[in-house]
Amino acid sequence: MKATISPMRFYCSQAWTRLAAAALAFSLWGAGAGQSEPAPDNVFARNRELGRGVNVLGYDPIWRSFDHARFQTRHFKVIKDGGFQTVRVNLHTLRHLGPAPDFTLGEAWWRTADWIVTNALASDLRVIVDFHEFMAMGEDPEGNQPRFLTFWRQAASHFRASPSSVLFEILNEPCRKLTPDLWNQYLAAALALIRQQNPTRTVIVGPAFWNSVDHLDQLQLPEADRNLIVTVHYYKPMAFTHQGAAWSDQRDKVGVLWQGTPEEQTTVTRDFEKVQAWATKHQRPIFLGEFGAYDKGDMASRARYTAFVARAAERLGWSWAYWQFDSDFIVYDIPNDRWVEPIHRALVPDSQP
Ligand code: BGC
């Protein structure tokens with residue numbers, strides 16, 4: 001959990017049949033096309049390929065106007081050369097959808113999305129297409145559910161012939177009114193839709209409560225679908241990672257250190273062991289899709305924490321993506337065109353200065 005609003009359980013009475021009907025309608029609409037690629041024999045191998053990643057482009061002006069982008073073509077190569085294998089592209093798409101009932105994403109949006117995917121692949125990066133509308137979905141799941149499904153219908157169709165190195169992540173951090181029960185229904189509906197045209201694409205999905213490591217037990221996945229990677233996010237302790245962050249309830253706190261004491265380390269390793277126990281029991285690979293510490297913290301503590309979390313994930317065979325390349329928590333300083341060295345070295349210890 002990491003938002004200002006305390007998590008509360010809102011048990012929703014919305015009938016499953018409504019979702020199933022919607023999914024069926026969409027799937028009939030999209031039926032027919034299929035990928036020619038064989039199914040991966042091992043989704044664990046695919047997860048290992050994700051390796052080290054970084055979140056990109058979620059808050060870039062590129063989405064308002066391509067000409068005002070901070071992120072440039074050369075940054076894909078910068079990321080690859082910097083020792084990363086994957087970009088998780090954070091998409092806030094709802095504001096770009098056209099009017100009901102079609103909610104069509106316009107050409108300009110697709111041009112930008114295609115520019116990202118094409119250039120990332122050209123730099124030999126894996127690409128996670130991450131539907132990042134967690135705030136809207138958490139505030140009004142039922143109101144936004146048709147647009148959520150429509151986004152996936154369009155994206156699943158658009159990327160159906162893309163290589164297997166393009167992965168889909170159904171929703172970043174389901175939270176608030178999107179309760180675990182409701183989320184299990186929504187994810188099943190979106191996955192059913194995706195599978196119509198992307199039967200062999202690896203899909204990423206995580207638990208409710210902001211992809212919290214403490215809520216995996218409430219996540220229900222279609223047992224027969226073995227091509228899923230499960231994602232969690234890690235920002236504990238919030239008092240350290242979100243100190244001074246205006247959007248969190250830690251906004252008035254600063255000066256919290258992370259010294260890497262045995263107690264601090266044990267908190268992380270215990271949380272991760274719990275996740276791993278769930279993963280082993282359910283035979284699912286784990287992707288740590290976000291972690292990091294906000295810019296207002298002490299740099300030495302941030303670097304220590306970032307390195308510790310990254311190595312702890314790697315020891316368990318997880319892939320990961322740092323939050324984030326640009327904007328805040330940054331690992332790359334775009335105006336000065338250079339890595340934020342302490343964070344970069346923490347993430348990729350073998351990188352060249
Ligand atoms: C959100 C960001 C936030 C970050 C850390 C992400 O999922 O999109 O707005 O800064 O988490 O709290």
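Refer to the structure printed above.
In short, a report on the structure. Everything numeric in this text was worked out from a predicted model, so none of it was measured.

Some details on the sheet that holds strand β2 (residues 86-91)
What the eight strands build is a closed barrel, ordered β1-β2-β3-β4-β5-β6-β7-β8; its pairing is parallel. Direction aside, the axes of adjacent strands within the sheet are offset by 25° on average. The pairing of strand β1 (residues 52-56) with β2 spans four bridges and is classified as parallel. The residue bridging Asn55 from the neighbouring strand is Arg88, located in β2.

Regarding the pattern of salt bridges
Within this structure, the stated rule accounts for 22 salt bridges. Among the salt bridges present, the one from Asp350 reaches Arg52, with a minimum N-O distance of 3.4 Å. Separated by 298 residues along the polypeptide, Asp350 in the segment after α12 (341-347) and Arg52 in strand β1 bring together distant segments of the chain. Arg52 sits in the buried class, given a relative accessible area of 17%. Across the pair Lys77 and Asp81 runs a salt bridge, and its minimum N-O distance is 2.6 Å. Highlighted residues: Lys77 and Asp81, both in helix α3 (residues 74-81), separated by four residues, approximately one helical turn. Several salt bridges converge on common partners, so that one network encompasses Glu49, Lys80, Asp124 and Arg126.

A short note on the pairing of strand β6 (residues 228-234)
Counting buried residues in β6 gives seven out of seven residues, a clear majority hidden from the surface. Residues Leu228, Val230, Val232 and Tyr234 of β6 are buried on one face, and the alternating residues Ile229, Thr231 and His233, pointing to the opposite face, are buried as well. Pairing of strand β5 (residues 203-205) with β6 involves three bridges; the strand directions are parallel. If you follow Val205 over to β6, its bridge partner there is Val230. Inspection of the sheet shows β6 paired to strand β7 (residues 286-291) by five bridges, in the parallel sense. Among the inter-strand pairings, His233 is bridged to a residue of β7, identified as Glu290.

Some thoughts on the pairing of strand β3 (residues 126-131)
Of all the six residues making up β3, six are buried; the element is thus mostly covered by neighbouring parts of the structure. Burial along β3 is two-sided: the residues Arg126, Ile128 and Asp130 and Val127, Val129 and Phe131 are all buried. Here six bridges tie β2 to β3, and the two strands are oriented parallel to one another. Counted as the bridge partner of Arg88 is Ile128 from β3. Crossover β2 to β3 through helix α4 (residues 107-122) is right-handed.

Some remarks on the packing of helix α10 (residues 262-282) against helix α11 (residues 299-315)
Between α10 and α11, whose axes approach to 10 Å, the crossing angle comes to 30°. As the angle between them shows, α10 and α11 are arranged roughly parallel. As for how α10 packs across α11, the hand of that crossing is right-handed. Packed against α10, whose contacting residues are Gln265, Val268, Thr269 and Phe272, the element α11 presents Phe308, Val309, Ala312 and Ala313 at the interface. Looking at side-chain class alone, the contact of α10 with α11 contains six nonpolar, two polar and no charged residues.

Digging into the packing of aromatic side chains
Counted according to the given criterion, the structure contains 31 aromatic pairs. Relative to Phe151, the ring of Trp109 lies with its centre 6.3 Å away and its plane at 90°, an arrangement referred to as edge-to-face. Here Trp109 is found in helix α4, whereas its partner Phe151 is found in helix α6 (residues 141-158), with 42 residues between them in sequence. Phe151 shares its class with Trp109; the two are buried. Look at Phe325 and Trp339: their rings are 6.0 Å apart centre to centre, the planes differ by 85°, and that puts the pair in the edge-to-face class. Separated by 14 residues along the polypeptide, Phe325 in the loop between β8 (319-322) and β9 (332-333) and Trp339 in strand β10 (residues 338-339) bring together distant segments of the chain. Trp339 shares its class with Phe325; the two are buried. Cation over ring: Arg201 sits above Phe168, and NZ or CZ is 5.3 Å from the ring centre.

Calculation criteria
Residues numbered from 1 in each chain as written. Predicted model: local features only at pLDDT ≥ 70, side-chain atom pairs only at ≥ 80, totals over all residues. Heavy atoms only, no water. Pairing = 2+ DSSP bridges. Helix = DSSP H or I, 4+ residues; strand = E, 2+ residues; numbered from the N terminus. Axes fitted to C-alpha atoms, helices over the stretch in contact; angles between N-to-C directions. Salt bridge = Lys/Arg side-chain N within 4 Å of Asp/Glu carboxyl O. Buried < 20%, exposed > 50% of the residue type's maximum accessible area, 1.4 Å probe, protein only. Right-handed = clockwise from strand over helix to strand, strands pointing away. Parallel < 35°, antiparallel > 145°, perpendicular 65-115°, else oblique. Left-handed = near helix turned anticlockwise from the far one by under 90°. Contact = heavy atoms within 4.5 Å. Nonpolar A, V, L, I, M, F, W, Y, C, P; charged D, E, K, R; others polar. Phe/Tyr/Trp six-rings, centres within 6.5 Å; stacked < 30°, edge-to-face > 60°. Lys NZ or Arg CZ within 6 Å of the ring centre and 35° of its normal.

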